[in-house]
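Overview (structure and organization)
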Amino acid sequence: MNVISCYKIMITVVNKGKARKVVEASRRAGAEGGTTFLGKGTGIYEKKFFGIPVSQDKEIIFTLYPDKIGEELFNEVTTAGNLRETGQGIAFVIDVRDLIGIAHFCDLEAMKRHKMKEKSGYELIVTIVNKGNAETVVTASKRAGAEGGTILFGRGTGIHEKATLFSIPIEPEKEVILTLISAEKTAAVLQAIREDTCLDEPGMGIAFVLPVERTSGIKRLEDPTATGC
């Protein structure tokens, strides 16, 4: 029998200290919890100090959930994160095509009964670069029309990374940039990132695009007449 995942993933970005409320809200809606990452973000509502933009500490929550609780989860997280207010954070949903580690799947016939979701008009660019290059990615993205980005920190290894210490391979530190962008601007933003970070050169990093199904916290999309508070 052909099977595909009935799950989706919600990525929520909020200011530091609010992740617990988001996770609690997701559990009330029926999700099993979430995974929280620390990072920083910049955007059009970022704070400034003597005219210099200050990158705010962020918490990024990845919530894997069954599609059937999607509406309740979306509303709970939007309320808990106060996402209807400008500058409080964003949440967006990405479809999960394949899944392992969770025993609950739907067959193809069951999925045919699900109403297809409309495209949100947004896409997510995920860029992975070596430590110290994230700000270059964000700057390039803004130049091409993005409003900012969220930076996560991690480690990675690849075939072009040969650094060792006493013959022991070293895992280089990485920076992961999440850029939520209007679909019509994706190509321009990708090109700007490519030019400024030299991603076409071996070992410099990668970037890929994921379709976004639904968003919260972007007033220009939800209500074009909204001006914020």
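Conventions we followed
Residues numbered from 1 in each chain as written. Predicted model: local features only at pLDDT ≥ 70, side-chain atom pairs only at ≥ 80, totals over all residues. Heavy atoms only, no water. Helix = DSSP H or I, 4+ residues; strand = E, 2+ residues; numbered from the N terminus. Buried < 20%, exposed > 50% of the residue type's maximum accessible area, 1.4 Å probe, protein only. Contact = heavy atoms within 4.5 Å. Areas by Shrake-Rupley, 256 points an atom, 1.4 Å probe, with all protein chains shown as cover. Phe/Tyr/Trp six-rings, centres within 6.5 Å; stacked < 30°, edge-to-face > 60°. Lys NZ or Arg CZ within 6 Å of the ring centre and 35° of its normal. Axes fitted to C-alpha atoms, helices over the stretch in contact; angles between N-to-C directions. Parallel < 35°, antiparallel > 145°, perpendicular 65-115°, else oblique. Left-handed = near helix turned anticlockwise from the far one by under 90°. Nonpolar A, V, L, I, M, F, W, Y, C, P; charged D, E, K, R; others polar. Polar contact = N/O pair within 3.5 Å; in protein donor to acceptor, adjacent residues only side chain to side chain. Salt bridge = Lys/Arg side-chain N within 4 Å of Asp/Glu carboxyl O. Pairing = 2+ DSSP bridges. Arc of directions from axis to C-beta.

Attention now goes to the overall build of the protein chain. Each helix and strand counted, the protein chain has six helices and 15 strands in total. Burial analysis of the protein chain (229 residues in total) assigns 40% to the buried set. Contacts spanning at least 24 positions in sequence make up 79% of the contacts within the protein chain whose residues lie at least 6 apart. Within the structure as shown, the protein chain displays about 13400 Å² of accessible surface, and the carbon and sulfur contribution to it stands at 55%.

Throughout the structure, instances matching the rule amount to one aromatic pair. Centroid distance Phe37 to Phe62: 5.2 Å. Interplanar angle 75°. Geometry classified as edge-to-face. Residue Phe37 is located in strand 3 (residues 35–42), and its partner Phe62 is located in strand 6 (residues 56–66); the two are separated by 25 residues in the primary sequence. The partly exposed category is assigned to Phe62, whose relative accessible area is 23%. Cation over ring: Arg214 sits above Phe74, and NZ or CZ is 3.8 Å from the ring centre.

Below, the discussion takes up the packing of helix 4 (residues 134–143) against helix 5 (residues 186–197). Two numbers describe how helix 4 lies on helix 5: the axes approach to 8 Å, and their chain directions differ by 140°. Here helix 5 runs oblique to helix 4, going by the angle between their axes. Pair helix 4 / helix 5 crosses with right-handed handedness. Contacts between helix 4 and helix 5 involve Thr136, Val137, Ala140, Ser141 and Arg143 from the former and Val189, Ala192, Ile193, Glu195, Asp196 and Thr197 from the latter. In the contact of helix 4 with helix 5, the residues fall into five nonpolar, three polar and three charged.

Turning next to the side chain of Glu213. Tracing the backbone through its elements, the reader meets Glu213 in the loop between strand 14 (205–211) and strand 15 (214–216). The buried category is assigned to Glu213, whose relative accessible area is 18%. Among the polar contacts made by the side chain of Glu213, one reaches the side chain of Lys8 at a distance of 3.1 Å.

Let us look at the pattern of salt bridges. According to the stated counting rule, one finds eight salt bridges in the structure shown. When the shortest N-O distance is used, the salt bridge between Asp95 and Lys8 registers 2.9 Å. Taken together, the positions of Asp95 in strand 7 (residues 89–95) and Lys8 in strand 2 (residues 7–15) put the pair 87 residues apart, joining distant regions of the chain. A relative accessible area of 8% places Lys8 in the buried class. For the salt bridge of Glu76 with Arg28, the shortest nitrogen-to-oxygen distance reads 3.3 Å. Here Glu76, found in helix 2 (residues 70–80), pairs with Arg28, found in helix 1 (residues 19–28); they are 48 residues apart in sequence, far enough to count as distant. Here the residues in one salt-bridge network are Lys8, Asp95 and Glu213, joined through shared partners.

Extensive coverage of strand 7 is indicated by the burial of five of its seven residues. Strand direction decides the pairing type here: strand 2 and strand 7, joined by seven bridges, are antiparallel. Among the inter-strand pairings, Val13 is bridged to a residue of strand 7, identified as Ile90.

Once that is clear, we can look at the environment of Phe92. Of note, Phe92 is situated in strand 7. We classify Phe92 as buried; its relative accessible area is 2%. Along the primary structure Phe92 and Thr215 are separated by 123 residues, whereas in three dimensions their C-alpha atoms are 4.1 Å apart. Residue contacts for Phe92: discarding those within four places in its chain leaves Ile9, Met10, Ile11, Leu124, Leu180, Val212, Arg214 and Thr215.

Glancing now at helix 2. If you check which residues of helix 2 are buried, you get Gly70, Leu73, Phe74, Val77 and Thr78. Take helix 2 and look down its axis: the buried residues cluster within an arc of 125°, on one side only. Buried-residue contacts for helix 2 involve strand 2, helix 1, strand 6, strand 7 and strand 15.

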